[in-house]
Amino acid sequence: MSTTAVGERLGRVVADIAAHSEQAGRAGNAVSLVAVSKTVSTDIVLQAHDAGHRAFGENRPQELERKARELPDDCEWHMIGHLQKNKVRPVCRHAHWIHSVDSPALLKRIDRIAGEEGTCPNVLIQVNITGEDTKAGVDPAEVRPILDAAAECRNLTCAGLMTMAPFGASEALLREAFGGLRQLRDKLVVEGECQLPHLSMGMSGDYRIAIAEGATMVRIGTAVFGAR
Ligand SMILES: *Cc1c(COP(=O)(O)O)cnc(C)c1O
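What this report covers is the structure whose coordinates are included nearby. Just so you know, the residues in each chain are numbered from 1, in the order the chain's sequence is written. Per-residue local features are limited, in this predicted model, to residues with pLDDT of at least 70; the limit for side-chain atom pairs, both in listing and counting, is 80 or more; totals at the level of whole chains, interfaces and linings are taken over all residues. In computing side-chain properties, one takes all heavy atoms of the structure into account and sets aside hydrogens as well as water.

Attention shifts here to the overall build of the protein. Summing up its helical and strand segments, the protein has nine helices and eight strands in all. The quantity called the radius of gyration is restricted to C-alpha atoms. Its globule counterpart is 2.2 Å times the number of residues to the power 0.38. Taken against the 2.2 N^0.38 rule, which gives 17 Å for 228 residues, the C-alpha radius of gyration of the protein at 17 Å falls within 12% of a compact globule. The classification of residues rests on relative accessible area computed with a 1.4 Å probe and restricted to protein chains. Under 20% of the type maximum is buried, over 50% is exposed, and intermediate values are partly exposed. Counting all 228 residues of the protein, 50% fall into the buried class. Any pair of residues with heavy atoms lying within 4.5 Å of one another is described as a contacting pair. When contacts within the protein are restricted to residue pairs at least 6 apart in sequence, long-range pairs at least 24 apart make up 57% of them. The Shrake-Rupley method, run with a 1.4 Å probe sphere, supplies the accessible areas, and residue values consider only the shown protein chains as cover. Surface accessibility of the protein: about 10500 Å² in total, with carbon and sulfur atoms responsible for 48%. Side-chain charges in the protein split into 26 positive and 29 negative, and the spacing between the mean points of these groups amounts to 3 Å. Numbered from the N terminus, helices here are DSSP runs of H or I no shorter than four residues, and strands are runs of E no shorter than two. By the counting scheme adopted, Arg and Lys are positive, Glu and Asp are negative, and His together with the chain ends is not counted. By convention, the charge on Lys lies at NZ, on Arg at CZ, on Asp at CG and on Glu at CD.

Turning next to the layout of surface pockets. Space inside and on the surface of the protein is sampled on a 1 Å grid over the protein atoms alone, with a cavity defined as a set of points where a 1.4 Å probe fits but cannot get out and a pocket as an open set with protein on both sides within 12 Å along at least 5 of 7 lines; lining residues have an atom within 4 Å of a point. Grid points are joined across faces, edges and corners, and a volume is the space filled by probe spheres set on the points. Each pocket or cavity is described by its volume, and for the largest pocket that value is around 600 Å³. Lining the largest pocket are 28 residues, and of these K38, M164, M203, R219 and R228 lie nearest its centre. Across the lining of the largest pocket, the residue classes break down as 13 nonpolar, nine polar and six charged. Taken as a whole, the second largest pocket encloses approximately 160 Å³ of empty space. Classes in brief: Ala, Val, Leu, Ile, Met, Phe, Trp, Tyr, Cys and Pro nonpolar; Asp, Glu, Lys and Arg charged; the others, Gly included, polar.

Attention now moves to the site of the ligand. Whether a residue is near a molecule or strand depends on its heavy atoms: if one lies within 4 Å, it is near. Neighbouring residues of the ligand: V36, K38, I80, M164, M203, S204, R219, I220, G221, T222 and R228. Residue G221 places a main-chain N or O atom 2.8 Å away from an oxygen atom belonging to the ligand. Taken by itself the ligand offers 390 Å² of open surface, and the protein chains cover 91% of this. Of the residues belonging to the shell around the ligand, the class tally is five nonpolar, three polar and three charged. Polar contacts, as counted here, are pairs of nitrogen or oxygen atoms within 3.5 Å of one another; within protein the pair requires one atom able to donate a hydrogen and one able to accept it, and residues that are adjacent in sequence qualify only if both atoms are side-chain atoms.

The next subject is the environment of C120. With respect to the helices and strands, C120 occurs in the loop between α5 (104-117) and β5 (122-126). Owing to a relative accessible area of 47%, C120 belongs among the partly exposed residues under this scheme. Residues C120 and H53, 67 residues apart in the sequence, show an inter-C-alpha distance of 22 Å. Apart from residues no more than four positions distant in its own chain, C120 is found in contact with N155, L156 and T157.

Side-chain pairing between opposite charges can occur once the charged atoms of the two side chains come close. Within this document, salt bridges are pairs made up of a side-chain nitrogen of Lys or Arg and a carboxyl oxygen of Asp or Glu, the two lying within 4 Å of each other. What the rule picks out here adds up to 17 salt bridges. Where K67 meets E58, a salt bridge forms, and the shortest distance between an N and an O atom there is 2.9 Å. Comparing K67 with E58, the two get one shared label, buried. Among the charged side chains, a salt-bridge network with shared partners connects R89, R93, R112, E116 and E117.

Attention now goes to the environment of T42. With respect to the helices and strands, the residue T42 is situated in helix α2 (residues 42-50). Residues T42 and K67 lie 25 residues apart in sequence; the distance between their C-alpha atoms is 6.5 Å. With near-sequence residues (within four places) excluded, T42 lies in contact with R66, K67, E70 and L71.

This is the structure in structure tokens:
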């Protein structure tokens, strides 16, 4: 793909995110784009960087680490895939955001290792909002214990919730899933007197609905970089 192709796609996606934010009665800059660069070669990601983009998402720790080393230092790296406990150190070293926290033990480990590495990542709790068997993330009832653990952490900021909608779901089901994550967040904030400003939800196929339902971050791969 040529430089202009990546730059043009990126420009179109960014404009579309702003347009749908405004359509939903939200500010044009209320939703930020995480360009999901998994499996995309470094030179193509560099083209997105040249076009002015900085936030990139990866789902494998090794690939995130390699790209973080190869690309300019001003990139902002988002770990969006399942995180095994033996991979926490490289992720803490390079990722500014971790979207996939799914247990109090993982959260505490991130806090300890981030302290050792001198970093302070933002973390999101991944929720299985529709109760699908195949999806990663915790049940809504399991979020509270993770927030309680986060209150004790000093080397991370627990900044909100993340979810993935069922693949190929109807618009009605997508609205239910994304709206459900927002309602869960609102309930947790009222009950726990905590701040959870971020909702990471929406991918290439469903981000417009996620924006209408309150997403603050959308994770988009295919619409920016083409089919994997
Ligand atoms: C791959 C991936 C995305 C991006 O998916 P696209 O359909 O290519 O936009 C978003 N979130 C997660 C967790 C992913 O693994």
